[in-house]
Amino acid sequence: QVQIVESGGGLVQPGGSLRLSCAASGSIFCIYGMGWHRQAPGKQRELVAHITGGDRTNYADSVKGRFTISRDNAKNTVYLQMNSLKPENAAVYYCNDQIREPTDLARYSYWGQGTQVTVSS
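Conventions adopted
Residues numbered from 1 in each chain as written. Predicted model: local features only at pLDDT ≥ 70, side-chain atom pairs only at ≥ 80, totals over all residues. Heavy atoms only, no water. Core = buried A, V, L, I, M, F, W, Y, C linked by side-chain atoms within 4.5 Å. Buried < 20%, exposed > 50% of the residue type's maximum accessible area, 1.4 Å probe, protein only. Helix = DSSP H or I, 4+ residues; strand = E, 2+ residues; numbered from the N terminus. Lys, Arg positive; Asp, Glu negative; His and termini not counted. Salt bridge = Lys/Arg side-chain N within 4 Å of Asp/Glu carboxyl O. Contact = heavy atoms within 4.5 Å. Disulfide = S-S within 2.5 Å.

1. Quick word on the nonpolar core
Ranked by internal contacts, the top residues of the largest apolar core, which has 31 residues, are Trp 36, Leu 80, Met 82 and Tyr 93. Listed by contribution, the elements that provide at least two residues to this core are strand E1 (2-7), strand E3 (18-26), strand E4 (30-39), strand E5 (46-51), strand E7 (67-72), strand E8 (77-82), strand E9 (91-100) and strand E11 (115-119).

Structure follows, in structure tokens:
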């Protein structure tokens, strides 16, 4: 069993910052790619940022230069530092990890429950 728990969401004013965290726990042999997605009301879920096991990163064009994804492999945790937040960044943010369990050669995609980010004055 693998558990994914996000934290760090909340209400912030435009121009402000938030740091999201996502910790994986349980039966984990290795975590490959880790990413953050978001879904705003009435819109499809979209990729925000992704980091590979080799620390290569990629970002949605709309967040480049403002958001930074990073990971701490010792803690099985991925972070998303969000700066200069805009009202259009408001959404539920979901963590997604590609994880291999000790007893299985395959890797599976695990999602967290989501954390709400609200950007409003």
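Next comes the rest of the account.
2. Topic: the side chain of Arg 66
Among the structural elements, Arg 66 can be located in the loop between strand E6 (57-59) and E7. Despite its burial, Arg 66 remains without a salt bridge, the nearest opposite charge being carried by Glu 88 at 6.4 Å. When neighbours within four sequence positions are excluded, Arg 66 is seen to be in contact with Gln 81, Met 82, Asn 83, Ser 84, Leu 85, Lys 86 and Asn 89.

3. Observations concerning the state of the cysteines
Per the stated rule, a full pass over the model turns up one disulfide. With its sulfur 2.1 Å from that of its partner, Cys 22 forms a disulfide with Cys 95. Judged by the torsion about the S-S bond (-80°), the Cys 22/Cys 95 disulfide is left-handed. Linking Cys 22 in strand E3 with Cys 95 in strand E9, this pair joins segments that are 73 residues apart in sequence. Overall, Cys 22 belongs to the buried group, its relative accessible area being 0%.

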